[in-house]
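Coordinate analysis (summary)
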Amino acid sequence: AEGDIASCGMQSKAKTVDAYLDGLPDDRREAISAIRKVILKYLPRGYEEGMQWGMIGYYVPHSIYPDGYHCQPDEPLPVASLASQKNHMAFYGFGLYIDEEQARWFADEWKKAGKKLDMGKSCVRFKKLEDVALDEIWRAIKRLPVKQYIAQYESQLTTNDSGKKVSKKHAAKKKK
């Protein structure tokens, strides 16, 4: 599905975050663990951590947002993910994908930190921990309280002709 972080690369078969981390080479485990530690320290109340699409995921649980992710309603609404891909590691900020202002802020702050930014729509790719602006990761996470994030997410959705929720971007492309 369009904007779907699940389509961005290799997926682990690990069932738990610990198993995922245990399966990584030492250098990648160290990098992903350091970023995870920062995310967990600043993750606003209400989000949960777990495995989602073969990556470490941070999401709004169904107990708070029963509708789940519109592309896959059985999945909780994602806000961020960490992954070790074939040629790089990545931080996925779903909030960056749905909010252009947030994405611009993030990119500007990352560059101000003196780090080279290798970023797709929501994915920041890096090879080693030294490439990561850790302060910008936690600031991006902390800026998204659950209620605000849900409202922002829902503002990006519309209903198609069959009554299914779809992103406004996707619906606009289909009409062309």
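The sections below set out a description of the structure shown in this document.

The rules behind the values
- Residues numbered from 1 in each chain as written.
- Predicted model: local features only at pLDDT ≥ 70, side-chain atom pairs only at ≥ 80, totals over all residues.
- Heavy atoms only, no water.
- Helix = DSSP H or I, 4+ residues; strand = E, 2+ residues; numbered from the N terminus.
- Expected span 1.5 Å × (residues − 1).
- Buried < 20%, exposed > 50% of the residue type's maximum accessible area, 1.4 Å probe, protein only.
- Arc of directions from axis to C-beta.
- Salt bridge = Lys/Arg side-chain N within 4 Å of Asp/Glu carboxyl O.
- Axes fitted to C-alpha atoms, helices over the stretch in contact; angles between N-to-C directions.
- Left-handed = near helix turned anticlockwise from the far one by under 90°.
- Contact = heavy atoms within 4.5 Å.
- Nonpolar A, V, L, I, M, F, W, Y, C, P; charged D, E, K, R; others polar.
- Pairing = 2+ DSSP bridges.
- 1 Å grid on protein atoms, 1.4 Å probe; cavity = no way out; pocket = protein on both sides within 12 Å on 5 of 7 lines; lining within 4 Å.
- Points joined across faces, edges and corners; volume = space filled by probe spheres on them.
- Parallel < 35°, antiparallel > 145°, perpendicular 65-115°, else oblique.

Now for helix α2 (residues 26–42). With 17 residues, α2 should cover 24 Å at 1.5 Å per step; its first-to-last C-alpha distance of 25 Å lies within 8% of that length. Residues of α2 that are buried include every one of Arg28, Ala31, Ile32, Ile35, Arg36, Val38 and Ile39, and no others. The buried residues of α2 occupy an angular sector of 160 degrees when the element is viewed end-on, so they sit on one face. In α2, the exposed positions that point more than 90 degrees away from the buried face belong to Asp26, Glu30, Lys37 and Lys41.

In this section: the pattern of salt bridges. Considering all chains together, one arrives at six salt bridges under this definition. As a salt-bridge pair, Arg36 and Glu49 come within 2.6 Å of each other at their nearest N and O atoms. With Arg36 in helix α2 and Glu49 in strand β1 (residues 48–52), the pair connects residues that are 13 residues apart, well separated along the chain.

For the rest of this paragraph, the subject is the packing of α2 against helix α5 (residues 134–142). Put simply, α2 and α5 touch, their axes get as near as 9 Å, and they point 35 degrees apart. α2 and α5 meet at a crossing whose hand is right-handed. Along its contact with α2, which presents Ala34, Ile35, Val38, Ile39 and Tyr42, the element α5 presents Leu134, Ile137, Trp138, Ile141 and Lys142. Its residues assigned to classes, the contact of α2 with α5 comprises nine nonpolar, no polar and one charged.

Bringing the environment of Leu134 into the picture now. Relative to the helices and strands, Leu134 resides in helix α5. Judged by its relative accessible area of 25%, Leu134 falls in the partly exposed class. Taking C-alpha positions, Leu134 is 9.4 Å from Ala113, a pair spaced 21 residues apart along the chain. Not counting chain neighbours up to four residues away, the residues in contact with Leu134 comprise Ala34, Ile35, Val38 and Leu129.

The next subject is the sheet that holds strand β4 (residues 89–93). Across the sheet, which stays open at both edges, the five strands sit in the order β1-β2-β3-β4-β5 with antiparallel pairing between neighbours. The sheet terminates laterally at β1 and β5 (123–126), the two strands that pair on one side only. Recorded for the sheet is a direction-independent mean angle of 20 degrees between the axes of neighbouring strands. Bridging between β1 and strand β2 (residues 55–60) involves five bridges; their strand directions are antiparallel. Across the sheet, residue Glu49 finds its bridge partner in β2, namely Tyr58. Relative to strand β3 (residues 77–84), helix α6 (residues 146–155) is tilted by about 100 degrees, and along the sheet it contacts β2 and β3.

Per the stated rule, a full pass over the model turns up two cavities of 30 Å³ or more. Taken as a whole, the second largest cavity spans an internal volume of roughly 40 Å³. Listed by contribution, the elements that provide at least two residues to the lining of the second largest cavity are β4, α3 (94–98) and α5. Of the residues in the lining of the second largest cavity, the class split is six nonpolar, three polar and no charged.

This part takes up α5. All of the buried residues along α5 are Glu136, Ile137, Trp138, Ala140 and Ile141. Contacts made by the buried residues of α5 are with α2, β3, β4 and α4 (100–112).

Turning next to the packing of α4 against α5. Geometry of a packed helix pair, given as the angle between the helix axes and the separation of the axes. Put simply, α4 and α5 touch, their axes get as near as 9 Å, and they point 160 degrees apart. Taken together, α4 and α5 sit at an angle that is classed as roughly antiparallel. Helix-helix and strand crossings are classified by hand; for α4 and α5 the assignment is right-handed. On α5, the residues touching Gln102, Trp105, Phe106, Glu109 and Trp110 of α4 are Glu136, Ile137, Arg139 and Ala140.

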